[in-house]
Amino acid sequence: MSVVQSLRVSFEVFSPEICLLLYLLSVGQEVQRASVISNLPSLVRQNPAETFRRVVPKEVLNGAGAEIQLAAAGSFLTILQDDIILIHTHTYSILKTVLLHLNHRDTVVSNAWLETLLSAINALPKETIKQEVLNPLLYQSQLSHSLQARLASCRILGKVACKFDSQIVKKELLPLVRSLCQDVEFEVRSCMCRQLESIARATGVDDTRTELLPELVELADDEESSVRLAAFDTIINLMEMMDGDDRLHVVVPLVMSVCEVSSQADEALLASLSFQFGKLCSGLAGSLSDEQKSRLLQKFKVLCVSGLQTEGNQTDGTESALIRCNCCYNLPAMVVFSESTHFLAEIYPSFSSLCCDPEVSVRRSAAASFHQVVKLLGSNVHLVHKEFLALLQDDALEVLDALMNHLEDTLEAVLSRGENLTLDNKFPELLSALLLAEQKVGCSLRWRLHEKLLQRYSCLARLLPGELLHQSFSPRIFIILTTNKVLPVQKEAARTFCTFLRYNRKQEQRQEMMERLIQDLAQGRSYWNRLRFLDVCETATEVFSRKYFNKHFLIPALELVHDPVANVRYKLCQLLPRLRSSLRLPADKQLLQQLDFCVQKLLCREKDKDVVATIRKTVLELDKLDLTEPFHKRQERDLLDQKKEKEETLLLEMEQLERQQTEGKLNSEKHTERKRRDSKTSLSATKSMSVSSSGATLSSSGKEMRKAKLSRSRSLSSQPTTSKSTNSDRPLKLKELSGTSGPGKSSMISSKDDSLRTAHFTMATQSTPSMPVLIRSNTTSLLDRASTLDHRSSTMEHKTSTLDQRDHRTITLDHRTSNMDHRNNMMEQRTGTMDHRTSTLDHRTSTLDQRDHRTSTLDQRDLRTSTLDQRDLRTNTLDHRDHRTSTLDQRDHRTSTLDQRSKTMDRGCGVKDNPSRKLSINRKSNSFSVQSGRD
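Rules used throughout
Each chain carries its own residue numbering, running from 1 in the written order of its sequence. Residues qualify for local features only when their pLDDT is at least 70, as the model is predicted, and side-chain atom pairs are given and counted only at 80 or more; totals for whole chains, interfaces and linings, by contrast, use all residues. To obtain the side-chain values, all non-hydrogen atoms of the structure were included, while hydrogens and water were left out. Here a strand is any run of E in DSSP of at least two residues, a helix any run of H or I of at least four, and the numbering for each starts at the N terminus. Each residue is placed in one exposure class: buried if its accessible area under a 1.4 Å probe, protein chains only, is under 20% of its type's maximum, exposed if it is over 50%, and partly exposed if it falls in between. Contacts are assigned to residue pairs that have any heavy atoms within 4.5 Å of one another. Note on areas: Shrake-Rupley with a 1.4 Å probe; residue coverage comes only from the protein chains shown. A 1.4 Å probe that fits but cannot get out identifies a cavity on a 1 Å grid over protein atoms alone, an open set with protein on both sides within 12 Å along at least five of seven lines counts as a pocket, and a residue lines either if it has an atom within 4 Å of a point. Grid points are joined across faces, edges and corners, and a volume is the space filled by probe spheres set on the points. Definition of a polar contact: a pair of N or O atoms within 3.5 Å, with one able to donate and the other able to accept a hydrogen when the atoms are protein atoms, and with sequence-neighbouring residues admitted only if both atoms are side-chain atoms. What counts as an axis is a line fitted to C-alpha atoms, over the stretch in contact for a helix, and the angles between N-to-C directions run from 0 to 180 degrees. Should an angle lie under 35 degrees it is considered roughly parallel, over 145 roughly antiparallel, and from 65 to 115 roughly perpendicular; all remaining angles are considered oblique. Three classes are used, and their members are as follows: Ala, Val, Leu, Ile, Met, Phe, Trp, Tyr, Cys and Pro are nonpolar, Asp, Glu, Lys and Arg are charged, and the others, Gly among them, are polar. Each residue after the first adds 1.5 Å to the expected span of a helix. Note on bend: at a given residue it equals the angle between the axes fitted to the 7 residues ending there and to the 7 starting there. Put simply, two rings from Phe, Tyr or Trp (the six-membered ring, in Trp's case) pair if the centres are within 6.5 Å, and we call them stacked under 30 degrees between planes, edge-to-face over 60, tilted for the rest. Note on geometry: a ring has a charge over it if NZ (lysine) or CZ (arginine) is within 6 Å of the ring centre and within 35 degrees of the ring normal. The salt bridge definition used is simple: a Lys or Arg side-chain nitrogen within 4 Å of an Asp or Glu carboxyl oxygen. Confidence of the predictor at the level of single residues is captured by pLDDT, which takes values from 0 to 100. Counting rule for charge: Lys and Arg are taken as positive, Asp and Glu as negative, and neither His nor the chain ends is counted. Throughout, disulfides are identified as pairs of cysteine sulfur atoms within 2.5 Å of each other.

1. Quick notes on the overall build of the protein
Helix and strand content of the protein: 45 helices and 0 strands. By the burial criterion, 40% of the 935 residues in the protein qualify as buried. Taking as baseline every contact in the protein between residues at least 6 positions apart, the subset at least 24 positions apart corresponds to 71%. Accessible surface computed for the protein: about 54,200 Å², of which carbon and sulfur atoms make up 53%.

Listed below in structure tokens is the structure:
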């Protein structure tokens, strides 16, 4: 059949669109045919069967050029990847077309059709793969075929292996794999070596160890570097499938031999080693000796500075930078391998070198893995504080961008160890570096990075003290909110500011931040600031609970209904549904009335047409708000709001606890000071008690000695007979004097001693001359000694009394101190009682306020009811008047009717009836007069 006849039949059977495509494929130019084939996916969606049967015949692609072949391969790949058709129904059409052009002479076209075949294998059944793919594969893998065919066979083998079980793979595929691993072309050996990983996972652990591992070991010693690199990568990827002996005898020698290779000998192998270094060290940690571990660490240090030694080094800068980037990628694994305790000695020099690398890509890689290193260091996080500051202050914004991706985790790990004194000393440097980083990004044109940075800085509300956050970061965030011109940055600054406000634990600071929002934004002179306040309100509905939002944000937002700028009112109209969703009845009844008043005012008085259209649309949304929202979503929002409210209550309780703790610290300091003073007074009291006891013992011993001496003198002086009466009175006086006590005791004793002494000498002169002189002299000496002892005892007693007075004063002071402590305790108890009474009174006052509010509401209702009653009374009065008016109207009507009748009768009777009429009138008048007389 000719082309014209086929087209005529097509026009009779198919749609005009398909007919046009058939015409272009048949007689069109190459560009037109390529365009038709590129649009095959859309045609297949409409009519797959006829499209594959008529539009894509084999004759179209047989002699086509490379452009049409690539378009066809891309269209088939799109059809297979997007699951446009059921591949089982069109297996023959797809496979025949793909396999037919798989061995195209153009390498690019052949690779394109190979990718299409590999994508089709995932969806093809096993039997179809075995019959249509494996059988031609056995033929194409022979040495007689081209290099391109053998490379395609290697890739198909790796893809097909996962579709069959291990027995089929071992029986049918492994012989072909061995032959390709021994191919004469190194490209084939390298490609087959790359596919051994998928084949090993399909065969299993035992067959891998016996069948594939020897092939890999042999390929690792290949003469070509690309084959060795492929074998090295495959062995490392299969290391998890090896046991301890294979790792010890196969992997460890291979790794050590690769580590000994110089950087100039094989840069590709070193790049692969640097990329796999962390995985190697983690997998071989249990199979390495201490010497081998130290060699691996030394090799890692060499790789970290690869390409930086310029003397005599001709290596490629790009390849060396890639090696150092790979080292940055493996830093966390190396920290684990060397243990965090040895980080400072083993890894820190390399880590510091990578963070300060001259290449921006290396520093960016170091910043990307910094958060993992910080987590692994734990309490030793202060060791990398300098590097963290260096990355924050880096001139390249790419480095800061990489650091911002996990800044929250990094700051949490750094600031949670704030008890470290070394970190506390460097704390201001970290805060200044964070602020400088924000300013640097804010001055640039990368607003997306600025938005990300503000989003990450919101975590500081949980990590920094509220006082420091309020002094350093809150003013800066507020400046960004009021001055930045990029809308996403403004919204993120509003969210960060609301987060700082929510987690601030001091009531005064929260009040100050809210007043600044109201004064500078809601009541600002610029309409732009008032628009920003509405953006803050929109964010606050997501950050705060409904209770907090209604208390602080709702009224200032509704007051913007009086704003003279239409844009502000327009923004408020858009925000009204969100404000309405934050209200819950009956608790927010008054706020709902204010919102309704705002809507009514906009509906009645608004003149701007855009605002009028928006408020009408908003009213419809408000009417449907409670009806269209599903119940489960509303319940989820209520649960989330309850969680936020609990968190806010917990923050308030924590604030109160902090205040109580500070007050408790002050009280404890006062108490310790008081105890110190009490201990000093008690020590002085004990010293005075010891002195007084020693004085008492001395006074008692002095009294005993004085009594003994007086008794001797009395026995000697009682011998004369002439002075008996006088001497008999003397002992009584001495006893009385010795028994007296008081402040004037010493003076009395001294005066009595003098008087007694004079009396004794006078009596001695008056005695008989027969008394021996020796007796008189002994008596006088004894009396002198007794008087001296009495004087000393009186002095000691005086000192004792002074000490007793001091003890009494000390005891009095202790008693007063205890009384003061008791009074302080009583005052604290009374203060607590007064606080409790104050809270109770506040609660009662709030209850009374609520009752007053209810009473005022009831009074208003009573007033309205009385007004309605008065209106009803007036209505009844008017109805009564209307009834009376209608009655009078009826009477007037009857009167008019009677007048008409009387006129008619007058006309009918005429003039003849005048006498009779007069007579009747006279009779009527007489009867009326008689009746009136009776009355």
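2. A word on the layout of surface pockets
Estimates place the volume of the largest pocket at around 720 Å³. Taken together, 17 residues line the largest pocket, and the ones lying closest to its centre are Lys-589, Gln-590, Gln-593, His-853 and Thr-857. Within the residue set of the lining of the largest pocket, elements represented by two or more residues are α39 (589–605) and α44 (773–909). The leading source of residues in the lining of the largest pocket is α44, at 9 residues.

3. So, the side chain of Thr-116
If you trace the backbone, Thr-116 turns up in helix α9 (residues 107–121). Among the polar contacts listed, one links the side chain of Thr-116 to the backbone oxygen of Ala-73, at a separation of 3.2 Å. In this view, Thr-116 contacts Ala-73, Phe-76, Leu-77, Leu-80 and Val-98; residues no more than four positions away in its chain are not counted.

4. Observations regarding the packing of helix α34 (residues 507–522) against helix α35 (residues 527–543)
Viewed as axis vectors pointing N to C, α34 and α35 meet at an angle of 135°, and their least axial separation amounts to 8 Å. Classified by the angle between their axes, α34 and α35 sit oblique to one another. Residues Leu-517, Ile-518, Asp-520, Leu-521 and Ala-522 of α34 form the contact with α35, whose participating residues are Asn-529, Arg-530, Arg-532, Phe-533 and Val-536. Residues that form the contact of α34 with α35 fall into these classes: 6 nonpolar, 1 polar and 3 charged.

5. What about helix α13 (residues 186–203)?
Under the 1.5 Å per step criterion, the end-to-end length of α13 is 25 Å for 18 residues, consistent within 8% with the ideal 26 Å. Most pronounced at Leu-196, the bend in α13 amounts to some 35°. Of the residues one or two after α13, Gly-204 is the one with positive phi, at around 110°.

6. Some words on helix α19 (residues 317–329)
Here α19 contains 13 residues, and its C-alpha end-to-end distance of 18 Å stays within 8% of the 18 Å for a straight helix at 1.5 Å per residue. Buried within α19 are the following residues: Ser-320, Ala-321, Ile-323, Arg-324, Cys-325, Asn-326, Cys-327 and Cys-328.

7. Focus: the packing of aromatic side chains
Applying the stated criterion across every chain yields a total of 11 aromatic pairs. A centroid spacing of 5.5 Å and a plane angle of 50° characterise the contact between Phe-478 and Phe-497, whose relative ring orientation is tilted. Taken as a pair, Phe-478 in helix α32 (residues 466–483) and Phe-497 in helix α33 (residues 487–503) lie far apart in primary sequence, 19 residues in all. Each member of the pair Phe-478 and Phe-497 is classed as buried. Through successive ring pairs, a cluster of aromatic residues spans Phe-343, Tyr-348, Phe-351, Phe-370 and Phe-388. The ring of Trp-528 carries the charged tip of Lys-485 above its face, separated from the ring centre by 4.7 Å.

8. Observations regarding unusual backbone geometry
Cis rather than trans, the peptide bond between Leu-585 and Pro-586 has omega equal to 0°. Summarising the element assignment, Pro-586 is placed in the loop between α38 (566–581) and α39.

9. Let's talk about the environment of Gly-286
Structurally, the position occupied by Gly-286 is in the loop between α17 (267–283) and α18 (290–304). C-alpha of Gly-286 to C-alpha of Gly-244: the two residues are 42 residues apart in sequence and 8.5 Å apart in space.

10. Comments concerning the pattern of salt bridges
Evaluation of the coordinates by the stated rule reveals 34 salt bridges. Measuring nitrogen to oxygen at the nearest pair gives 3.3 Å for the salt bridge that ties Arg-209 to Asp-246. Note that Arg-209 is positioned in helix α14 (residues 205–220) and Asp-246 in helix α16 (residues 244–259), a separation of 37 residues in sequence. Where Arg-584 meets Asp-638, a salt bridge forms, and the shortest distance between an N and an O atom there is 3.4 Å.

11. What about the packing of α32 against α35?
Look at α32 against α35: their axes get within 9 Å of each other, and the N-to-C directions meet at 120°. Judged by the angle between their axes, α32 and α35 are oblique. The segment α32 lies against α35, with Leu-481, Thr-482 and Thr-483 engaging Trp-528, Asn-529, Arg-532 and Val-536. The residue inventory of the contact of α32 with α35, partitioned by class, reads 3 nonpolar, 3 polar and 1 charged.

12. Quick notes on the confidence of the model for the protein
When pLDDT is averaged along the protein, the result is 76; 76% of the residues meet or exceed 70. Segment residues 1–13 is flagged for pLDDT under 50; beyond a separation of four residues in sequence, or across chains, it makes 11 contacts in the model. Overall, residues 927–935 carries pLDDT values under 50, and its contacts beyond four positions in sequence, including any with other chains, amount to 0 contacts.

13. Digging into the side chain of Glu-215
With respect to the helices and strands, Glu-215 occurs in helix α14. No salt bridge is formed by the buried Glu-215; its nearest oppositely charged neighbour, Arg-178, is found at 4.7 Å. Contact partners of Glu-215, with chain neighbours within four places excluded, come to Arg-178, Cys-181 and Gln-182.

14. Considerations on the environment of Leu-407
Secondary-structure assignment places Leu-407 in helix α27 (residues 407–415). Leaving out residues up to four positions away in the same chain, Leu-407 has contacts with Phe-388, Arg-456 and Tyr-457.

15. A short note on the state of the cysteines
Taken as a whole and assessed by the stated rule, the structure comprises 0 disulfides. Cys-281 takes part in no disulfide bond, and the closest cysteine sulfur to it belongs to Cys-259, at a distance of 8.1 Å. Its sulfur unpaired, Cys-325 is 6.0 Å from the next cysteine sulfur, which belongs to Cys-328. With relative accessibility at 15%, the residue Cys-325 sits in the buried group.

16. Section: the environment of Ser-38
For Ser-38, the position within the fold is in helix α3 (residues 30–38). Judged by relative accessible area, Ser-38 falls into the partly exposed class, the value being 41%. Sequence spacing of Ser-38 and Thr-78 is 40 residues, and the spatial spacing of their C-alpha atoms is 9.8 Å.

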